[in-house]
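Commentary on secondary and tertiary structure
Here are the chains, one letter per residue:
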Amino acid sequence: MRAILMYGAGEVRIENVPDPRIEEPTDAIIRVVRASICGSDLWPYNDLPTSETGRPMGHEAIGIVEDVGAEVRNIEPGDLVVMPFAFSDGTCAFCREGLHTACVHGGFFDGYGLSAAQAEAVRVPYADGTLYTIPAGEDDALLPSLLTLSDVMGTGHHAAVVANVAPGHRVAVVGDGAVGLCGVIAAKRLGAEQILIMGRHADRIALAREFGATDVVSERGGEAVERVRELTGGHGAHSVLECVGTADAMLTSIEIARPGGAVGRVGVPHYDTIPGAAQTFFKNVIVGGGPAPARAYIEELLTDILDGTIEPGRVFDRTVDLDGVPDGYRAMDEREALKVMVKP
Ligand SMILES: [Zn+2]
């Protein structure tokens, strides 16, 4: 089959690799119907050390089940399924608590050695626990929104859940990428009264407003903090969704949180220590978050996608085939595209 491998920063190649096959009786093989490029794929695109072997890329997919192992019970060939960015057995203590990204048998798709989603097919471990069968067809108009259940919509929702978004809350979303925009959708869904989007790309801000953002803060650093205070009655936001992953974004998030508020961090951290220790202490700010248990949120969010209440698929502004993936990385890295969908 054809698959995307990254050999170092900026080195994205399409290669012929062996077809994935059932290796464990709990595996499934899915043919990828749609995949996507994630903002987190841009970190290796910028700093992956050069290697001889290449790293399979992609962790967001919708696919058709082609084959299942002997012990798979709930997933059948022909099913259209969402593949969350982490696999999980669905049965361990953490899966039962809804924290599938801490599954004792779990892991992430696009590490070395495991097949990944920017490809024609993927091997999915623990198919019964990992995959979610969706009531849609292969050419359904809802596919872009359903695809966001594999990562960005679940991740934006997780940021909102960890940040304790609740009816009446003032919410600030740090970052206007696909996750931040899905965070706006999630905050509105959970009843936020005010939703500030922190960002400065006109097209993304416009989409944020359509998703429910009530205010825009395009300043940065100290000016941004001042502006948020002005807009929130002087005290800051009850709930802050940190959807970037840099130390600057984290510090801003802590600075704009209201005393007693919470920061939900879902940006993959590119810093070693969380800044603002004294501020979080003296303001009693809760800082939480991590890799979203996207699998746990599919059922709840799917209902709203199917009935048209939310349209997170609008974050995709470009579709490419596998040959177009290298340019898709470039376009997202240069902020020419917001999020790229891959139709292998
Ligand atoms: Zn588990």
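Residues numbered from 1 in each chain as written. Predicted model: local features only at pLDDT ≥ 70, side-chain atom pairs only at ≥ 80, totals over all residues. Heavy atoms only, no water.

**Concerning the overall build of the protein**
Put simply, the test is: Secondary structure elements are taken from DSSP: a helix is a run of H or I of four residues or more, a strand is a run of E of two residues or more, and numbering for both begins at the N terminus. For the radius of gyration, the atoms used are the C-alpha atoms, and the globule rule reads 2.2 Å times the number of residues raised to 0.38. Contacts: residue pairs with any heavy atoms within 4.5 Å of one another. We count Lys and Arg on the positive side and Asp and Glu on the negative side, and we leave His and both chain ends out. By convention, charge coordinates are those of NZ in Lys, CZ in Arg, CG in Asp, or CD in Glu.
Looking only at helices and strands, one finds 12 helices and 18 strands in the protein. A globule of 344 residues ought to have a C-alpha radius of gyration of about 20 Å, and the protein, at 20 Å, matches this closely. Principal-axis analysis of the C-alpha atoms places the extent of the protein at approximately 60 × 40 × 35 Å. Long-range contacts, defined as pairs at least 24 residues apart, comprise 69% of the intrachain contacts of the protein with a sequence gap of at least 6. Taking the average place of the 28 positive charges on the side chains of the protein and the average place of its 49 negative ones, the gap between the two points comes to 5 Å.

**Focus: the side chain of Asp304**
So the rule is basically this: To sort residues, take the accessible area from a 1.4 Å probe on protein chains only and compare it with the maximum for the residue type: under 20% means buried, over 50% means exposed, and anything in between is partly exposed.
Tracing the chain through its elements places Asp304 in helix α11 (residues 294–306). Judged by relative accessible area, Asp304 falls into the buried class, the value being 15%.

**Thoughts on the coordination of the zinc ion**
Rules: The donor set comprises N, O and S atoms within 2.8 Å of the metal, extended to 3.2 Å for Na, K and Ca; water molecules are omitted, so apparent gaps in a site may simply reflect that omission. By the criteria applied here, four donors are tetrahedral when all angles lie between 85 and 135 degrees, four are square planar and six octahedral when opposite donors are over 155 degrees apart and every other angle lies between 65 and 115, and any other arrangement is irregular.
Around the zinc ion, the protein contributes the donor atoms Asp89 (OD), Cys92 (SG), Cys95 (SG) and Cys103 (SG), which lie 2.1 to 2.3 Å from the metal centre. Given four donor atoms and angles of 93 to 120 degrees at the metal, the environment of the zinc ion is assigned as tetrahedral. In primary-sequence terms, the residues that donate to the zinc ion follow D-x2-C-x2-C-x7-C. You'll find Cys92 and Cys95 in the same group, each marked buried.

**Comments concerning the side chain of His158**
Locating His158 in the fold gives a position in helix α5 (residues 152–162). Under the relative-accessibility criterion, His158 is labelled buried at 7%.

**Structural notes on helix α8 (residues 221–231)**
As a reminder of what qualifies: This arc is built from the directions going out from the helix axis to the C-beta atoms.
When α8 is considered as a whole, its buried residues turn out to be Ala224, Val225, Val228 and Leu231. Projection of α8 onto a plane perpendicular to its axis shows the buried side chains occupying an angular sector of 130 degrees, all on one side. Every exposed residue of α8 that faces more than 90 degrees away from the buried side is listed here: Gly222, Glu223 and Glu230. Gly233 sits one or two residues past α8 and shows a positive phi near 75 degrees.

**Some thoughts on the pairing of strand β1 (residues 2–6)**
Residues in a regular strand project their side chains so that they alternate between the two faces of the sheet. The following threshold applies: Strands are labelled as partners when DSSP assigns at least two bridges between them.
Within β1, four of the five residues are buried, which leaves the element mostly enclosed by the surrounding structure. Pairing of β1 with strand β2 (residues 12–16), which is carried by five bridges, proceeds in the antiparallel orientation. Each residue of the ladder has a partner; that of Arg2, found in β2, is Asn16. Linking β1 to β2, which pair antiparallel, is a turn of five residues; within it Gly8 sits at a positive phi near 155 degrees.

**Section: unusual backbone geometry**
At Tyr126, a position not held by glycine, the phi torsion is positive, near 45 degrees. Owing to a relative accessible area of 26%, Tyr126 belongs among the partly exposed residues under this scheme. Phi at Asn284 takes a positive value of approximately 55 degrees, unusual for a residue other than glycine. Here Asn284 falls in the exposed class, since its relative accessible area comes to 58%.

**Things to note about the sheet that holds β2**
What counts here: Every axis corresponds to a line fitted to the C-alpha atoms, with the helix fit spanning only the stretch in contact, and the corresponding angles, defined between N-to-C directions, vary from 0 to 180 degrees.
The three strands lie next to each other as β2-β1-β4, forming an open sheet whose pairing is antiparallel. Each having just a single partner strand, β2 and β4 (55–56) make up the two edges of the open sheet. Note: β1 against β4, two bridges, orientation antiparallel. Bridge pairing in β4 places Met6 opposite Arg55. Across the sheet, helix α12 (residues 325–333) lies against β1 and β2, angled at about 160 degrees from β2, the strand it touches most.

**Re the sheet that holds strand β15 (residues 257–265)**
Spatial ordering of the open sheet is given by β13-β12-β11-β14-β15-β16, a layout of six strands whose pairing is parallel. Each edge of the sheet is formed by a strand with only one pairing partner; in this case those strands are β13 (215–217) and β16 (286–289). Shown here is a sheet whose adjacent strand axes are inclined to one another by a mean of 20 degrees, direction ignored. The pairing of strand β14 (residues 237–242) with β15 spans five bridges and is classified as parallel. Bridge pairing in β15 links Leu241 to Gly264. With respect to the sheet, α5 is in contact with β14, β15 and β16, its orientation differing from that of β15 by roughly 150 degrees. Its contacts with the sheet place helix α9 (residues 247–256) against β11 (170–174), β12 (194–198), β14, β15 and β16, and it is angled at close to 150 degrees to β15.

**Observations regarding the pattern of salt bridges**
Rule in force here: Salt bridge, as applied in this entry: a Lys or Arg side-chain nitrogen positioned within 4 Å of an Asp or Glu carboxyl oxygen.
Overall, the coordinates contain 16 salt bridges when judged by the stated rule. Glu11 serves as the salt-bridge partner of Arg13, at 3.3 Å between the closest nitrogen and oxygen. Accessibility expressed as a relative area gives 35% for Arg13, which makes it partly exposed. For Glu11, a relative accessible area of 37% translates into the label partly exposed. Between Arg123 and Glu23 there is a salt bridge; the shortest N-O distance is 3.6 Å. Placement of the pair is Arg123 in strand β9 (residues 121–124) and Glu23 in the loop between β2 and β3 (28–36), with a sequence separation of 100 residues.

Purely spatial values, then, with no claim about function.
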